Amino acid sequence: MGIDELYPPDRLIAAQRATAAAGLDALLLTPGSDLRYLTGYDAHAGERLTCLVLPAEGEPTLIVPRLERPAAEAAPNTGVRIVDHVDGSDPYPLVVAALDGPVAAVGLADRMWAEQVLGLRESLPDATQRLAGEVLRELRIRKSPAEVAALAEAGAAIDEVHLRMGEWLRPGRTEAEVGTDIAAAIRAAGHVSVDFVIVAAGPNGASPHHGTSDRPIGVGEPVVVDIGGTMPSGYRSDCTRTYLVGGPAPADFLDYYAVLRDAQRAAVEAVRPGITGAAADAAAREPIAAAGYGPAFLHRTGHGIGLDGHEEPYLVAGNDRALEAGMAFSIEPGVYLAGRHGARIEDIVVCTTDGVQRLNTTPTELIAL
């Protein structure tokens, strides 16, 4: 997988055409996944302004702090004019100059810092501000073969970590101790950063976004382990498995885990072009509800993944957009019994031309350690 394949130069041209079609005069992109998607530049987010000025017509300009110019020039696809500014100078006139004329509407990076939004509003008082995501979402939602390969590499790396869980999960160890070991293993498996580590034992497993704590893992407790990181490519991993540690399972846990496993498999198998996000969500939700655990499934079935951990498309009730080949997302139903325990199973999958490809391939059966 070459870097030119992952960050092809023609993305800038496609984005300019989409910008014009959306009725915008330019996109203004500060550090984040949209900037990286278009240029390959993993820019530092800070109080100093970095901004890609991408006009609907004309030459793109990347405005950077002078001390970060070497990093910008070394990025894979910053084949754009670079203009730098020194500390103490006002960088916003550089944005106005790069636009090379009046503008009526601009698209701002969806997660731009508020101080930069306000700075651009003051510098371009006559321009309507909209979200750049209106334009870039449609470009990013379908992954190229190179992007799918990058996500598969990320999936294989996080699978390596799950396969080692028996080294760390033991009764008496705290969730935080286990989490520290897992974080080191995520990096050792090839990630450049650890995005999150959830080790949720016993009653903590009923909180989907628990994290870790100083609570020791008890004998016979289910433990939800949800982990993910970012690869050198910029693409991300995210995988959840539930483990049983050191003894027999609590009453009814095996029953609802079997329901959850079948529901997750059913949702994966339902993925194909044409099925809606809502229908994929229902494929997981309906068997869980039929077994009496509907209220314990607290969240949507899935979220898209790529350069962001959460992006379009979302598998959730009300999303009537049809899935298309190249869309990548999680399938992660869960059952959470407050005050007792919980379980979740998560794979990243890609919708293909005729079905689905799982990017996480470790077993989804309950693993007793």
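The structure contained in this document is the topic of the report that follows. (Residues numbered from 1 in each chain as written. Predicted model: local features only at pLDDT ≥ 70, side-chain atom pairs only at ≥ 80, totals over all residues. Heavy atoms only, no water.)

Strand order in the open sheet formed by 6 strands is E4-E3-E2-E1-E5-E6, with mixed pairing between adjacent strands. Every other strand in the sheet has two partners, leaving strand E4 (81-85) and strand E6 (128-131) as the edge strands with one partner each. Strand-to-strand twist of the sheet, defined as the mean angle between neighbouring strand axes without regard to direction, takes the value 25°. Pairing between strand E1 (residues 26-29) and strand E5 (residues 105-108): 3 bridges, direction parallel. Residue pairing in the sheet places Leu28 in a bridge with Leu108 of E5. The sheet contacts of helix H6 (residues 114-123) involve E1, E5 and E6, and relative to E6 the element is tilted by about 145°. Contacting E1 and E6, helix H7 (residues 133-140) crosses the sheet at an angle of about 25° to E6. (Pairing = 2+ DSSP bridges. Helix = DSSP H or I, 4+ residues; strand = E, 2+ residues; numbered from the N terminus. Axes fitted to C-alpha atoms, helices over the stretch in contact; angles between N-to-C directions. Contact = heavy atoms within 4.5 Å.)

Quantified by volume, the largest pocket comes out at close to 600 Å³. Residue assignment for the lining of the largest pocket shows that the elements contributing at least two residues are helix H3 (33-39), H7 and strand E11 (311-315). It is H7 that contributes the most residues to the lining of the largest pocket, 4 residues altogether. Taken together, the residues that form the lining of the largest pocket break down as 8 nonpolar, 7 polar and 11 charged. Empty space within the second largest pocket amounts to approximately 360 Å³. (1 Å grid on protein atoms, 1.4 Å probe; cavity = no way out; pocket = protein on both sides within 12 Å on 5 of 7 lines; lining within 4 Å. Points joined across faces, edges and corners; volume = space filled by probe spheres on them. Nonpolar A, V, L, I, M, F, W, Y, C, P; charged D, E, K, R; others polar.)

One finds Leu28, Leu29, Leu38 and Leu62 to be the most contacted residues of the largest nonpolar core, which totals 55 residues. Other than its neighbours up to four places away in sequence, Leu29 contacts Asp34, Leu35, Leu38, Thr50, Cys51, Leu52, Ala109, Ala132 and Leu136. In terms of nonpolar packing, the next biggest core, distinct from the first, is built from 29 residues, Phe253, Ile275, Ala284 and Leu323 among them. (Core = buried A, V, L, I, M, F, W, Y, C linked by side-chain atoms within 4.5 Å. Buried < 20%, exposed > 50% of the residue type's maximum accessible area, 1.4 Å probe, protein only.)

Further remarks concern the side chain of Lys143. Among the secondary structure elements, Lys143 is positioned in the loop between H7 and helix H8 (145-163). Overall, Lys143 belongs to the buried group, its relative accessible area being 8%. A distance of 2.4 Å separates a polar atom in the side chain of Lys143 from a polar atom in the side chain of Glu311. Contact partners of Lys143, with chain neighbours within four places excluded, come to Val148, Leu151, Ile305, Gly306, Glu311, Gly326 and Met327. (Polar contact = N/O pair within 3.5 Å; in protein donor to acceptor, adjacent residues only side chain to side chain.)

With that settled, consider the environment of Gln357. On the secondary structure map, Gln357 appears in strand E16 (residues 356-358). The class of Gln357 is partly exposed, set by a relative accessible area of 34%.

Moving on, we come to the pattern of salt bridges. Tallied over the entire structure, the rule returns 31 salt bridges. Between Glu59 and Arg81 there is a salt bridge, and its shortest N-O distance comes to 3.7 Å. In this pair, Glu59 is assigned in the loop between strand E2 (51-55) and strand E3 (61-65) and Arg81 in strand E4, connecting sequence segments 22 residues apart. Judged by relative accessible area, which is 48%, Glu59 ranks as partly exposed. Its relative accessible area of 37% is what places Arg81 among the partly exposed residues. Shared partners join several salt bridges into a network, and the residues in it are Asp34, Arg111, Arg140, Lys143, Asp308 and Glu311. (Salt bridge = Lys/Arg side-chain N within 4 Å of Asp/Glu carboxyl O.)

Within the fold, Arg140 resides in helix H7. Within the structure, the side chain of Arg140 is placed 3.3 Å from the side chain of Asp308, a separation counted as a polar contact. If we skip the residues at most four places from it in the chain, Arg140 touches Ser33, Asp34, Tyr37, Leu307, Asp308 and Glu311.

Turning next to the sheet that holds strand E9 (residues 239-245). With mixed pairing, 4 strands are arranged side by side in an open sheet as E7-E8-E9-E17. Each of the sheet's edge strands pairs with one partner strand only, and the pair in question is strand E7 (193-201) and strand E17 (367-368). As judged from the 2 bridges shared by E9 and E17, these two strands associate in the parallel manner. Looking at the pairing, Leu244 lines up with Ala368 of E17. Each of strand E8 (221-230) and E9 is contacted by H8, which is oriented at about 5° to E9, the strand it contacts most.

Running from N to C, helix H5 (residues 92-99) and H6 point in directions that differ by 55°, and their axes come no closer than 10 Å. As judged from the angle between their axes, H5 and H6 are oblique. H6 is crossed by H5, and the crossing has right-handed handedness. Contacts between H5 and H6 involve Tyr92, Val95 and Val96 on the former and, on the latter, Glu115, Gln116, Gly119, Leu120 and Ser123. Classifying every residue of the contact of H5 with H6 by side-chain character gives 4 nonpolar, 3 polar and 1 charged. (Parallel < 35°, antiparallel > 145°, perpendicular 65-115°, else oblique. Left-handed = near helix turned anticlockwise from the far one by under 90°.)

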